Amino acid sequence: MQRRQFLYAGVGLLASTLAACGGGDDDLLARRNVLQLSATERQDFVDTLHAMKRQASAYEPETNAYDYFVELHGEAFSSHYNAHMGAAFLPWHREMLRRFERELQRVSGDAEMTLPYWNWQQAGAWQTIFTDDFLGGNGDPNDKFIVKSGMFREGLWAMGAKFDETPDEFSDTDGDGFPDIDTTPLSRRGLTRRFSFAGQDADSLAIVDPFMAEQPLSRLLAHPDYDAAPYMESMSSAQERVENFDAWNAQSMRKYVERVLHNPVHAMIGGQMGTATSPNDPVFFLHHANVDRLWSLWQKAHGDQGYPSSAQDGMTGRSAPLDLFSGRVPVESTFDLAAHSGVQYAES
């Protein structure tokens, strides 16, 4: 996939337009907890995701509006891009969410549609998501863990051309830095999920609750610095990453969020969520909206304290461009959520 011709430039002017008009929080759209969506809103969200599969992308007309993001995320794992295992992890995904949300609005015709977030630190929240009337449940253990329930089951939700069959990108389910999931190749027949924890398959995502109970919000907010060297651990060896797992997480809010909170949720869901093409599973976007929300909460307490300068790290520093996005997008352009994305998070 080559760098995209960004055909949606006008939407990027939203924040500057609001600022020019003196807009405040009342002008911002709200990303809400998925638990707060009405039955109609849940159905509209599902319908829009399916419609995105049928409409050309505003960013890359040769693919559809949904699979563009699958391809984009898949490419972000093909080399030492700054989307993962580096300081730009949170800015990169904030830009991805902004563009995905604009496509939700365009395809739905609803300029106020926003991404819901899944607060996995809220006990039992998973029960509202993995249901037959929303995102479906676990995969069938007797048939390659292919999802057979819900609105994204086999036959209703096709995998795109970009397909990673090996769930080894997110393989640590218990946040200790060591892989513990089965990496049996996945089927292209449909979306797969394999709920598991510490090497053991699970019937439900109740496994999330006790894990997150040990990772309260206060632990995240106690980190005083966004990041600390090394700023791109993707350039470090696997042995270095394991040996320094605890020390690096203690020094860096971003490493803690990415490695202790974000990665295990991908791995616990498994299947496509454990691969480079994890956006093949729509729960990816609810998951990352919550990751972005946590960054926003941390920013309210600490601003951009500890974010590296470009002199400290040329690939992820403040003025470095976010890789793979057409039109130069400097890292620091994402720091102000309201100005960048035109949204705020509704806490509930």
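The rules behind these values
- Residues numbered from 1 in each chain as written.
- Predicted model: local features only at pLDDT ≥ 70, side-chain atom pairs only at ≥ 80, totals over all residues.
- Heavy atoms only, no water.
- 1 Å grid on protein atoms, 1.4 Å probe; cavity = no way out; pocket = protein on both sides within 12 Å on 5 of 7 lines; lining within 4 Å.
- Points joined across faces, edges and corners; volume = space filled by probe spheres on them.
- Helix = DSSP H or I, 4+ residues; strand = E, 2+ residues; numbered from the N terminus.
- Nonpolar A, V, L, I, M, F, W, Y, C, P; charged D, E, K, R; others polar.
- UniProt positions renumbered as here; feature names shortened; annotations may be inferred.
- Salt bridge = Lys/Arg side-chain N within 4 Å of Asp/Glu carboxyl O.
- Buried < 20%, exposed > 50% of the residue type's maximum accessible area, 1.4 Å probe, protein only.
- Phe/Tyr/Trp six-rings, centres within 6.5 Å; stacked < 30°, edge-to-face > 60°.
- Lys NZ or Arg CZ within 6 Å of the ring centre and 35° of its normal.
- Polar contact = N/O pair within 3.5 Å; in protein donor to acceptor, adjacent residues only side chain to side chain.
- Contact = heavy atoms within 4.5 Å.
- Patch = residues over 30% accessible without salt bridge, like charges linked within 9 Å, V, L, I, M, F, W, Y side chains within 5 Å.
- Areas by Shrake-Rupley, 256 points an atom, 1.4 Å probe, with all protein chains shown as cover.
- Lys, Arg positive; Asp, Glu negative; His and termini not counted.
- Charge placed at Lys NZ, Arg CZ, Asp CG, Glu CD.

## Some points on the layout of surface pockets
Next up, step 1: The calculated volume of the largest pocket comes to roughly 670 Å³.
Next up, step 2: Taken together, 25 residues line the largest pocket, and the ones lying closest to its centre are Met85, Asp168, Glu169, Arg241 and Asn263.
Next up, step 3: Elements with a minimum of two residues in the lining of the largest pocket: α7 (238-243) and α9 (253-269).
Next up, step 4: The leading source of residues in the lining of the largest pocket is α9, at four residues.
Next up, step 5: Of the residues belonging to the lining of the largest pocket, the class tally is ten nonpolar, eight polar and seven charged.

## Brief notes about the UniProt feature "domain: Tyrosinase copper-binding" (unreviewed entry) in the chain
Next up, step 1: Following the UniProt record, the feature "domain: Tyrosinase copper-binding" (unreviewed entry) maps to residues 84-101 and 281-292 here.
Next up, step 2: Span residues 84-101 is 72% helix and 0% strand, its end C-alpha atoms 21 Å apart.

## With respect to the pattern of salt bridges
Next up, step 1: Scanning all chains against the criterion turns up 22 salt bridges.
Next up, step 2: The shortest N-O distance in the salt bridge between Asp227 and Arg254 comes to 2.9 Å. With Asp227 in the loop between α6 (217-221) and α7 and Arg254 in helix α9, this residue pair connects regions lying 27 residues apart in the sequence.
Next up, step 3: Owing to a relative accessible area of 3%, Asp227 belongs among the buried residues under this scheme.
Next up, step 4: Among the residues examined, Arg254 registers a relative accessible area of 0% and is labelled buried.
Next up, step 5: The salt bridge partner of Arg254 is Glu233, with a shortest N-O separation of 2.8 Å. Within this pair, whereas Arg254 is found in helix α9, its partner Glu233 is found in the loop between α6 and α7, the two being separated by 21 residues in sequence.

## Describing empty space enclosed by the protein
Next up, step 1: As enumerated under the stated definition, the model contains one cavity of 30 Å³ or more in all.
Next up, step 2: Here the largest cavity is characterised by a volume of approximately 40 Å³.
Next up, step 3: As for the largest cavity, its lining consists of Leu90, His93, Arg94, Leu97, His288, Val291 and Asp292.
Next up, step 4: Of all the secondary-structure elements, those providing two or more residues to the lining of the largest cavity are α4 (89-108) and α10 (283-302).
Next up, step 5: Looking at the lining of the largest cavity element by element, the count peaks at four residues for α4.

## Brief notes about the packing of aromatic side chains
Next up, step 1: Throughout the structure, instances matching the rule amount to 23 aromatic pairs.
Next up, step 2: For the pair Trp92 and Phe325, a centre-to-centre distance of 5.0 Å together with 40° between the ring planes defines the contact as tilted. On the criterion of sequence distance, the pair formed by Trp92 in helix α4 and Phe325 in the loop between α10 and α11 (337-341) is long-range, its members being 233 residues apart.
Next up, step 3: Of the aromatic side chains, those joined through ring pairs into one cluster are Tyr59, Tyr66, Tyr68, Phe69, Phe100, Phe152, Trp157, Phe284 and Phe285.
Next up, step 4: Over the aromatic face of Phe134 sits the side chain of Arg42, whose NZ or CZ is 4.3 Å from the ring centroid.
Next up, step 5: Seen from the ring of Trp157, Lys53 lies directly overhead, with NZ or CZ sitting 4.6 Å from the centre.

## Focus: the side chain of His266
Next up, step 1: Examined against the element boundaries, His266 turns out to sit in helix α9.
Next up, step 2: Reaching out from His266, the side chain makes a polar contact with the backbone oxygen of Met273 at a distance of 2.8 Å.
Next up, step 3: Those residues in contact with His266, other than ones at most four positions away along the chain, are Phe170, Met273, Gly274, Ser278, Phe284, His287 and His288.

## Side note on a negative patch on the surface
Next up, step 1: Together, Asp44, Asp47, Asp110 and Glu112 make up a region of like negative charge exposed at the surface.
Next up, step 2: Mapping Asp47 onto the fold places it in helix α2 (residues 39-52).

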